[in-house]
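# Structure assessment
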Amino acid sequence: MTSTSEIEFEAKSADAAQDSAARVEGRSQWQLTWRRLRSDKVAITAMIVVVIMVVLAIAAPAFVAITHHPPDVAYPNTGENVAGNPVGPGTAGFWLGTDGTGRDLFIRILYGARISLFVGVVTTAIGTVAGVSIGLMAGYFGGIVDTVLARFTDAVLAFPYVVLALALAVVLGPSLTVIIGVISFFAWAGIARIVRGQTLSIKEKEYIEAARSLGAGPFRIMFSDILPNLLAPVLVLATLYIPQAVIFEATLSYLGLGIQPPTASWGNILADAQNFYQTSWWYVVFPALALLITTLAFNLLGDGIRDAMDPRTERVLAGRRRRRRRAPRLAAPSGGASPDFPDAARQAPQG
Amino acid sequence: MSIIGFLIRRILTGIVVVWLVATGAFFLFFARPVDTVARQLAGHAATPQVIAEVIRNLGLNQPIMVQYWHFIDGLVHGNLGYSYYTQESVNTMIGQDAPATISVVIGATILWLIVGISVGIISATRARSVFDRVSNVLVLIGLSMPVFVIGELLILVVFVPLNQHGFHWVQTGYAGITQGFGVWSGHMILPWITLAAVQAAVYTRLSRGQLLDTLGEDYIRTARAKGLSERRVIFRHAVRAALTPVVSQLGVDVGQLLGGVVVVEVVFGLGGLGQTSVQAIDTDNLPVIIGFVIIAAAFVVVANIVVDLVYSILDPRVRIA
């Protein structure tokens with residue numbers, strides 16, 4: 001082991017090395033990826049949809065200014081019919097109709113998008129940083145560190161997500177912070193497992209040995225020599241985790257343990273809509289569509305990025321199976337772990 | 001390593017895991033201020049004396065380690081405690097709710113494995129065909145749909161119209177199998193489809209990818225070269241090797257399956273273990289929550305042992321160790 005001062009010193013120089021490495025080597029790889037991605041119509045469409053969703057979410061207050069319907073204000077006179085049920089799309093200036101208490105459904109869906117996208121992105125970011133660090137350490141140090149971290153990862157992956165999430169939401173009280181904490185807690189494990197597997201194979205390569213013989217310490221090797229080779233799979237995993245986090249949040253809110261009314265969330269809108277599906281189809285269909293379009297777009301985008309970074313997989317696979325035997329892959333993982341790299345992260349926290 | 005030794009070791013570690021989960025759940029829940037629980041039980045208008053009385057009756061005034069001792073003592077004797085509200089035994093409640101949950105789990109698992117694996121195999125053997133493309137799209141939609149959205153949409157587009165037009169086989173809620181297979185399956189069909197849809201998507205994708213990879217292996221070329229029929233190559237040589245990762249995935253998915261079950265039970269009002277535990281969570285009914293967490297942990301442990309056994313049968317190279 002190295003002393004503390006040595007690690008500090010190396011951490012500083014590692015930063016510098018990482019910067020320059022990213023500039024020289026990263027650019028060409030990202031350029032190649034971007035070029036392949038640009039020719040993928042599905043992925044570009046998905047990306048545009050994601051951008052539109054983000055813009056709509058950010059612009060939610062602007063739509064409030066246009067429609068004069070704040071998200072939490074009920075309109076018992078115009079927003080409900082004689083029987084007290086929601087009014088349909090296009091009635092009385094409600095573009096997508098109203099909800100069970102006569103509030104503007106369109107505005108509430110927009111505000112729900114703010115919550116969903118925010119939770120999705122923040123939890124994925126936290127989970128990715130944690131997962132990469134834990135995976136790198138488990139894979140690089142091996143031995144007892146690996147055993148403990150890998151067992152812990154497996155335990156988190158196998159644990160009934162929703163059960164623990166529900167329990168935590170109750171104990172700590174449902175709030176945005178708790179939801180972000182709970183979802184982040186489950187986000188890292190899938191990424192850590194993949195990163196660990198890849199680290200195990202990369203650390204045996206000659207250039208790592210070279211770095212070690214030059215006197216590089218473990219943290220410098222991990223973060224400036226190994227990590228850049230892992231960025232491609234990690235980016236894909238992260239993109240594919242966002243929709244899962246969105247679903248997770250919606251599920252918690254649906255069960256009444258996530259975002260609490262009157263704050264709008266797609267999950268709690270859909271939970272309320274349950275009481276009206278006999279009379280008001282739009283109340284169920286529009287929030288469900290918003291949710292589906294968002295998660296689908298992220299999934300398609302993630303698949304597109306994966307294909308662009310690793311031409312071996314899926315969409316181009318059948319036609320190119322023979323060529324793959326000759327062409328070495330980007331960051332080839334070792335052994336049987338490779339085929340399931342995109343799917344391992346898909347262990348959706350399905351609730 | 002003999003199978004007996006494997007089983008003994010796995011069961012012992014399983015007991016440790018369940019104990020750890022139980023202990024974790026116990027301290028997680030009982031670390032909360034007892035007042036909140038008692039106040040909810042006693043009602044908003046309760047005087048401090050009444051609340052103190054409630055706390056004493058529930059044994060919440062004892063030191064935490066004493067309570068823990070009672071809890072573990074009960075657990076060892078197979079007693080999960082009593083509901084705060086009805087004084088009903090948690091064991092009895094679990095016994096009442098289990099049939100609904102077991103019905104959902106077994107039916108949905110069979111459905112998703114059959115659909116997922118067979119669609120995956122057909123897609124892989126006819127890569128880039130119309131079938132493959134359509135199934136890829138459906139898989140993506142399945143992966144992007146939360147369980148509760150599928151459930152609600154099924155209620156909206158299947159259950160409501162069918163019942164409006166006098167076709168009453170499809171129902172929500174739960175009917176025991178004792179009321180006849182037809183009634184039972186009519187109540188269960190939508191929950192099964194809902195739960196199976198998401199998982200089938202995962203398994204279609206996984207088995208398709210695995211089989212495509214396997215079909216690229218040299219030994220498959222050898223098998224074809226020696227003149228075996230394509231059917232024999234795929235089913236005798238490729239599928240068996242391709243399915244082992246699918247089985248190990250099943251072990252990982254058991255935990256998530258339980259999450260899906262909770263949601264499906266709430267959506268369709270099945271009143272199984274999941275719905276009861278959500279209600280218990282809403283009402284701070286600690287013994288019931290802990291009881292269900294323990295049952296869930298035990299289920300995950302047992303299911304993983306079974307999956308490992310099946311895995312070793314499918315792939316003889318894997319030694320049970």
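Everything discussed here concerns the structure shown above.
Notes on the structure follow.

Scoring rules and cut-offs
Residues numbered from 1 in each chain as written. Chains lettered and ligands numbered in written order. Predicted model: local features only at pLDDT ≥ 70, side-chain atom pairs only at ≥ 80, totals over all residues. Helix = DSSP H or I, 4+ residues; strand = E, 2+ residues; numbered from the N terminus. Buried ≥ 20, exposed ≤ 12 C-beta atoms within 10 Å, placed from the backbone. Contact = placed C-beta atoms within 7 Å. Expected span 1.5 Å × (residues − 1). Core = buried A, V, L, I, M, F, W, Y, C linked by C-beta atoms within 7 Å. Axes fitted to C-alpha atoms, helices over the stretch in contact; angles between N-to-C directions. Parallel < 35°, antiparallel > 145°, perpendicular 65-115°, else oblique. Left-handed = near helix turned anticlockwise from the far one by under 90°. Nonpolar A, V, L, I, M, F, W, Y, C, P; charged D, E, K, R; others polar.

For the rest of this paragraph, the subject is the overall build of chain B. For chain B, the helix and strand inventory stands at 12 helices and 0 strands. Listing every helix and strand of chain B by position from the N terminus yields α-α-α-α-α-α-α-α-α-α-α-α. Taking the principal axes of the C-alpha coordinates as reference, chain B spans close to 85 × 60 × 35 Å. Looking at chain B as a whole, 40% of its 321 residues qualify as buried.

Each helix and strand counted, chain A has 13 helices and 0 strands in total. Walking chain A from its N terminus toward its C terminus, one meets helices and strands in the order α-α-α-α-α-α-α-α-α-α-α-α-α. Expressed as a percentage of the 351 residues in chain A, the buried residues total 46%. Considering only contacts in chain A between residues 6 or more positions apart, those separated by 24 or more positions represent 74%.

Turning next to helix α4 (residues 64-76) of chain B. Given a rise of 1.5 Å per residue, 13 residues ought to cover 18 Å, and the 18 Å separating the end C-alpha atoms of α4 of chain B matches this to within 8%. Of the residues trailing α4 of chain B, G78 of chain B is marked for its positive phi of about 75°.

A few words now on the environment of V51 of chain A. All names here are of chain A. Along the polypeptide, V51 turns up in helix α2 (residues 41-58). For V51, a count of 11 C-beta atoms within 10 Å gives the class exposed. Through-space distance from the C-alpha of V51 to that of A297 is 9.9 Å; in sequence the pair is 246 residues apart.

It is worth spelling out the nonpolar core at this point. Counting 161 residues, the largest nonpolar core has I109, L166 and L270 of chain A together with V104, I289, V293 and I294 of chain B as the members making the most contacts within it. When residues of this core are assigned to their parent elements, the largest contribution, 19 residues, is made by helix α9 (residues 218-254) of chain A. Apart from residues no more than four positions distant in its own chain, I294 of chain B is found in contact with V18, V21, A22 and L80 of chain B.

Turning to the environment of E206 of chain A, a few remarks are in order. All names here are of chain A. Structurally, E206 is set in helix α8 (residues 206-213). The class of E206 is exposed, set by 7 C-beta atoms lying within 10 Å. E206 sits 63 residues away from G143 along the chain, and the two C-alpha atoms are 21 Å apart.

The next point concerns helix α10 (residues 266-273) of chain A. Burial runs high along α10 of chain A: 8 of the 8 residues are buried. Along α10 of chain A, the residues classified as buried are W266, G267, N268, I269, L270, A271, D272 and A273 of chain A. On its buried face, α10 of chain A sits against α4 (105-141), α9 and α11 (281-309) of chain A together with α7 (147-164) of chain B.

Here we take up the packing of helix α5 (residues 90-125) of chain B against helix α6 (residues 130-144) of chain B. All names here are of chain B. Contact geometry of α5 with α6 gives a least axis separation of 8 Å together with a crossing angle of 135°. By the angle between their directions, the pair α5 and α6 is classed as oblique. Crossing of α5 over α6 shows left-handed handedness. Taking contact as the criterion, the partners of V119, I122 and S123 in α5 are, on α6, F131, D132 and S135. Here the contact of α5 with α6 is built from residues that sort into 3 nonpolar, 2 polar and 1 charged.

Residue and element names in this part refer to chain A. The topology assignment puts I109 in helix α4. Taking the number of C-beta atoms within 10 Å as the measure of exposure, I109 has 25 and is therefore buried. For the pair I109 and V171, spaced 62 residues apart in the sequence, the C-alpha separation amounts to 29 Å. Beyond its immediate sequence surroundings of up to four residues, I109 is in contact with L96, I269, F286, P287 and A290.

These results come straight from atomic positions and should not be treated as a statement about function.
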